[in-house]
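As a plain string of letters, each chain reads:
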Amino acid sequence: EAEVAQSPRYKITEKSQAVAFWCDPISGHATLYWYRQILGQGPELLVQFQDESVVDDSQLPKDRFSAERLKGVDSTLKIQPAELGDSAMYLCASSLGLAGVEQFFGPGTRLTVL
Amino acid sequence: GENVEQHPSTLSVQEGDSAVIKCTYSDSASNYFPWYKQELGKGPQLIIDIRSNVGEKKDQRIAVTLNKTAKHFSLHITETQPEDSAVYFCAASKGNTPLVFGKGTRLSVIA
């Protein structure tokens, strides 16, 4: 069964350092999402791509976060510099379409900022 | 924007009993309502979804009901089993807007 792949699964970093997360969506899925999930809360969308284009990045803290999906397949989310409040689970999801369709989530990257 | 409230935050049931989780949404234009199950260390997994043109949907032991007038929808799990223990999230969206998730319900099924 096809799955969304994410790496690394766990990342520990010190504040002010740079971190990067990678996501490989299910083959053929044009839409890719990055979510942040704080412990005890639901996922919150950071950025949404349709192919290589950003559809929604209204909740992405652009002063320190960046995301790209250069060839419309895999994607990278970067934080520079990391802050203590960035400690969270970062989830990647993909879907066939933009709306009203199942989103398939990866296992996530657990980030701890010390 | 859309706001989704989910209750209860924790729920404990005896194995074999039913569990009900309720969500309310604020935007009457929302038309897609999925439910996700998240097990420890894993990403959320879709278990059932419903669209605004349907009032109820069932899949084996799981059912979802939608009341558009009251703007609430509920997840019903019957004959609960220990493997149903997880965190459950409801979500809502309209058109091509992103999903807005509730804060989750931690379900514990006691054997």
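The model shown is predicted, which means the values in this text are computed figures rather than measured ones. Numbering of residues starts from 1 in each chain and follows the order in which that chain's sequence is written. Whichever chain is written first is A, and whichever ligand is written first is 1; the rest continue in order. Local features are withheld for residues below a pLDDT of 70 in this predicted model, meaning they are given only at 70 or higher, and side-chain atom pairs are given and counted only at 80 or more; totals for whole chains, interfaces and linings count all residues. Heavy atoms from the whole structure form the basis of all side-chain values; hydrogens and water molecules are not counted.

**A few points about the interface of chain B and chain A**
The line we're drawing: Only heavy atoms enter the contact rule, under which two residues are in contact if any of them lie within 4.5 Å. As a working definition, buried area equals the accessible area (1.4 Å probe) given up by two parts on being put together, with both sides summed. Throughout this description, the term salt bridge denotes a Lys or Arg side-chain nitrogen within 4 Å of a carboxyl oxygen of Asp or Glu. Think of a polar contact as two N or O atoms within 3.5 Å of one another; within protein, one of them needs to be a possible hydrogen donor and the other a possible acceptor, and neighboring residues in sequence only count if both atoms come from side chains. A run of H or I in DSSP becomes a helix once it reaches four residues, and a run of E becomes a strand once it reaches two; helices and strands are each numbered from the N terminus. By the convention adopted, Pro, Cys, Tyr, Trp, Phe, Met, Ile, Leu, Val and Ala count as nonpolar, Lys, Arg, Asp and Glu as charged, and the other residues, Gly among them, as polar.
Contacts between the two partners involve 17 residues from chain B and, on the opposite side, 20 residues from chain A. Of the roughly 1500 Å² buried where chain B meets chain A, counting both sides, 55% is carbon and sulfur surface. Between the two partners, chain B and chain A, sit zero salt bridges. The interface formed by chain B and chain A includes three residue pairs in polar contact (both at pLDDT 80 or more). Where the side of chain B that touches chain A is concerned, the elements lending two or more residues are strand E4 (32–38) and strand E5 (45–51) of chain B. Considering each element in turn, the side of chain B that touches chain A owes the most residues, three residues, to E4(B). Of the residues assigned to the side of chain B that touches chain A, the class counts are eight nonpolar, six polar and three charged.

**Re the environment of Gly72(A)**
Residue and element names in this part refer to chain A. The topology assignment puts Gly72 in the loop between strand E7 (65–68) and strand E8 (75–79). As a C-alpha pair, Gly72 and His29 span 43 residues in sequence and 9.4 Å in three-dimensional space. Setting aside anything within four residues of it in sequence, one finds Gly72 in contact with Asp51 and Glu52.

**Description of the state of the cysteines**
Stated precisely, the cut-off is as follows: Note that a disulfide, as used here, is simply two cysteine sulfur atoms within 2.5 Å. Remark: exposure states derive from per-residue accessible area (1.4 Å probe, protein chains only) relative to the maximum for the residue type, with buried under 20%, exposed over 50%, and partly exposed in between.
Evaluated as defined, the whole model comprises two disulfides over all chains. A sulfur-sulfur separation of 1.9 Å characterises the disulfide bridge that pairs Cys23(A) with Cys92(A). Sign of the S-S torsion, about -70° for the bond between Cys23(A) and Cys92(A), identifies this disulfide as left-handed. Here Cys23(A), found in strand E3 (residues 19–24), pairs with Cys92(A), found in strand E9 (residues 88–95); they are 69 residues apart in sequence, far enough to count as distant. A relative accessible area of 0% means that Cys92(A) is categorised as buried. Here Cys23(B) connects covalently by a disulfide to Cys90(B), the sulfurs 1.9 Å from one another. Judged by the sign of its S-S torsion, about -95°, the bond between Cys23(B) and Cys90(B) is left-handed. Here Cys23(B), found in strand E3 (residues 19–25), pairs with Cys90(B), found in strand E9 (residues 86–92); they are 67 residues apart in sequence, far enough to count as distant. Taken individually, Cys23(B) and Cys90(B) each receive the classification buried, so the pair is uniform in this respect.

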